[in-house]
Every structure is written in structure tokens, then in C-alpha cells.
2 protein chains.
Amino acid sequence: MKARVHVTLKSGVLDPQGKAIEHALTQLGFEGVDSVRAGKVIDLELSDTDEASARERVDAMCQQLLANTVIETYSIELSA
Amino acid sequence: MKARVHVTLKSGVLDPQGKAIEHALTQLGFEGVDSVRAGKVIDLELSDTDEASARERVDAMCQQLLANTVIETYSIELSA
């Protein structure tokens, strides 16, 4: 089973990387680009075959390692 | 219109960040985790209303700034 985890900064948390990208895009001549936010995506392959247990395990991985839940949120997508 | 861009290392390109995550997960007791790959996700808000033109513009942003196409691939998702 494959899992894709998105880790993004909570709204309200300052995102200097996003701001830098937004500024660079404007400098390159791309107009009308707004609210740029940068995050991480982590792809994993799991030996689990049951979706519910896989989701539970990936959730534990996010809590313990992948995300800093003080300032970040995460979302989990599973596919066969 | 909102755009989400995934930038990931091409398969075959060494991913030390992914390897480090995989190692750390194993150390934490998560078994059966394999092929961990780390990438970036960039969320943008665009003033475009036409999907085709938005996709073309985001593609140009990826080529010029967001991705290093020598070692990275990117994918674009658009939503209203």
C-alpha cells in the first residue's frame, strides 16, 4: 500500500519560503499570484494491506516524526 | 483559481532526506516502511479564471523557478 503525506504550515503561521517564492514569481513577471504556501510531501510504501490499520500507522508516524503539530498540519492519502 | 504543485525527485536520483526519514521511522519501531521519498508541495492562488491558461502559466513557473528539471519532476493540480 502506498501513502502520500502532505505536511503544511498551519494558516496563520508565517511562511518565509512561500513569501520568497511569491516574490521571485512576481520578479519573473508572473502577475496575479497570491497566497503562496510551501510544504512537504512524503511518499511511503507500506507493507500493510488493510487501509484502516495503514492510516492509523501513518497517523502515528506524522505525530511522532513527520510533522511538527505545533505549527504544521498533515493530511494522509492512501492508495493500493 | 487554486493550484497545487508537487515537486519530487526523479526516480533514480538519490534522496538522502527520504532515506533519513525511513531510517528514523525504523528506529521508532515502524516496520515494513519502504521507498520513502521526500518532496515539496507548493500551493498558489492565481487570478486566472481559465483552467488551460492557468495550467500553462503554472507550468512556466515550474520550469523557470519551482522545479529543477534536471533532477526533479513536477505535477500540477488545479481547482476552482
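Just above, that's the structure.
What counts and how
Residues numbered from 1 in each chain as written. Chains lettered and ligands numbered in written order. Predicted model: local features only at pLDDT ≥ 70, side-chain atom pairs only at ≥ 80, totals over all residues. Heavy atoms only, no water. Helix = DSSP H or I, 4+ residues; strand = E, 2+ residues; numbered from the N terminus. Buried < 20%, exposed > 50% of the residue type's maximum accessible area, 1.4 Å probe, protein only. Contact = heavy atoms within 4.5 Å. Areas by Shrake-Rupley, 256 points an atom, 1.4 Å probe, with all protein chains shown as cover. Least-squares fit on C-alpha atoms with pLDDT ≥ 70 in both. 1 Å grid on protein atoms, 1.4 Å probe; cavity = no way out; pocket = protein on both sides within 12 Å on 5 of 7 lines; lining within 4 Å. Points joined across faces, edges and corners; volume = space filled by probe spheres on them. Nonpolar A, V, L, I, M, F, W, Y, C, P; charged D, E, K, R; others polar. Buried area = accessible area lost by both parts, 1.4 Å probe. Salt bridge = Lys/Arg side-chain N within 4 Å of Asp/Glu carboxyl O. Polar contact = N/O pair within 3.5 Å; in protein donor to acceptor, adjacent residues only side chain to side chain. Expected span 1.5 Å × (residues − 1). Arc of directions from axis to C-beta.

J.: Would you take a moment to explain the overall build of chain A for this structure?
T.: Check the secondary structure of chain A and you find two helices and three strands. Written out in order from the N terminus, the α and β elements of chain A read β-α-β-α-β. Referenced to the eigenvectors of the C-alpha coordinate spread, the extents of chain A come out at roughly 45 × 25 × 15 Å. Each of the 80 residues in chain A was classed as buried or not, and the buried ones make up 38%. Across chain A, contacts joining residues at least 24 apart in sequence account for 68% of those joining residues at least 6 apart. Of the roughly 4,400 Å² of accessible surface on chain A, a fraction of 50% belongs to carbon and sulfur atoms.

J.: It is not clear to me how the relation of the copies chain A and chain B should be interpreted in this structure. Could you clarify?
T.: Superposition of the two copies of the chain requires a rotation about an axis together with a shift along that axis. For the pair chain A and chain B, the superposition axis carries a translation of 0.0 Å, the fit reaches an RMSD of 0.0 Å, and the rotation angle comes to 180°. Overall, the copies show the geometry of a two-fold rotation axis. Closest approach to the rotation axis within chain A is made by the C-alpha atom of A:K40, at a distance of 2.2 Å. A shared interface surface links the copies, since 100% of the contact residues of chain A are contact residues in chain B too.

J.: I keep staring at the layout of surface pockets and nothing clicks. Help me out?
T.: Rolling a probe over the atoms, with the probe sized like a water molecule, indicates the empty space that remains. Counted as a void, the largest pocket has a volume near 270 Å³. Lining the largest pocket are 17 residues; nearest its centre among them are B:K2, B:A3, B:R4, B:D43 and B:L44. When residues in the lining of the largest pocket are grouped by element, the largest group, four residues, is from strand β2 (residues 33–46) of chain A. Split by residue class, the lining of the largest pocket holds five nonpolar, five polar and seven charged.

J.: Quick question: what am I supposed to make of the interface of chain A and chain B here?
T.: You'll often see interface size given as the accessible area lost when the parts meet. Contact residues are listed per partner, giving 32 residues for chain A and 32 residues for chain B. The junction of chain A with chain B conceals about 2,600 Å² of combined surface from both sides, 62% of it contributed by carbon and sulfur atoms. Across the contact surface, chain A and chain B share zero salt bridges. Applying the counting criterion to the chain A and chain B interface returns 11 residue pairs in polar contact (both at pLDDT 80 or more).

J.: What should I look at first to understand helix α1 (residues 16–27) of chain B in this one?
T.: Note that an α-helix has 3.6 residues per turn; residues three or four places apart therefore point the same way. With 12 residues, α1(B) extends 16 Å between its outermost C-alpha atoms, agreeing within 8% with the 16 Å of an ideal straight helix rising 1.5 Å per residue. Considered for burial, the residues of α1(B) that qualify are B:G18, B:I21, B:E22 and B:L25. Viewed end-on, α1(B) has its buried residues packed into an arc of 100°, placing them on one side of the element. Seen from the buried face of α1(B), the exposed residues on the opposite side, beyond 90 degrees, are B:P16, B:H23 and B:Q27. Summarising the contacts, the buried residues of α1(B) are in contact with β2 and α2 (51–66) of chain A together with β2 (33–46) of chain B. Just beyond α1(B), the residue with positive phi is B:G29, at close to 100°.

J.: What's the story with the pattern of salt bridges in this structure? I'm lost.
T.: Once the charged atoms of two side chains with opposite charge are near each other, the side chains can pair. Residue and element names in this part refer to chain A. One pass over the structure, following the stated rule, counts 10 salt bridges over all chains. With a closest N to O distance of 2.8 Å, R4 and D43 form a salt bridge. Taken together, the residues R4 in strand β1 (residues 2–9) and D43 in strand β2 connect sequence positions 39 residues apart. Overall, the relative accessible area of 22% leaves R4 in the partly exposed class. Its salt-bridge partner being R55, residue E51 comes within 3.8 Å of it at the nearest N-O pair. Within this pair, E51 and its partner R55 are both found in helix α2, separated by four residues, close to a single helical turn. With a relative accessible area of 42%, E51 lands in the partly exposed category.

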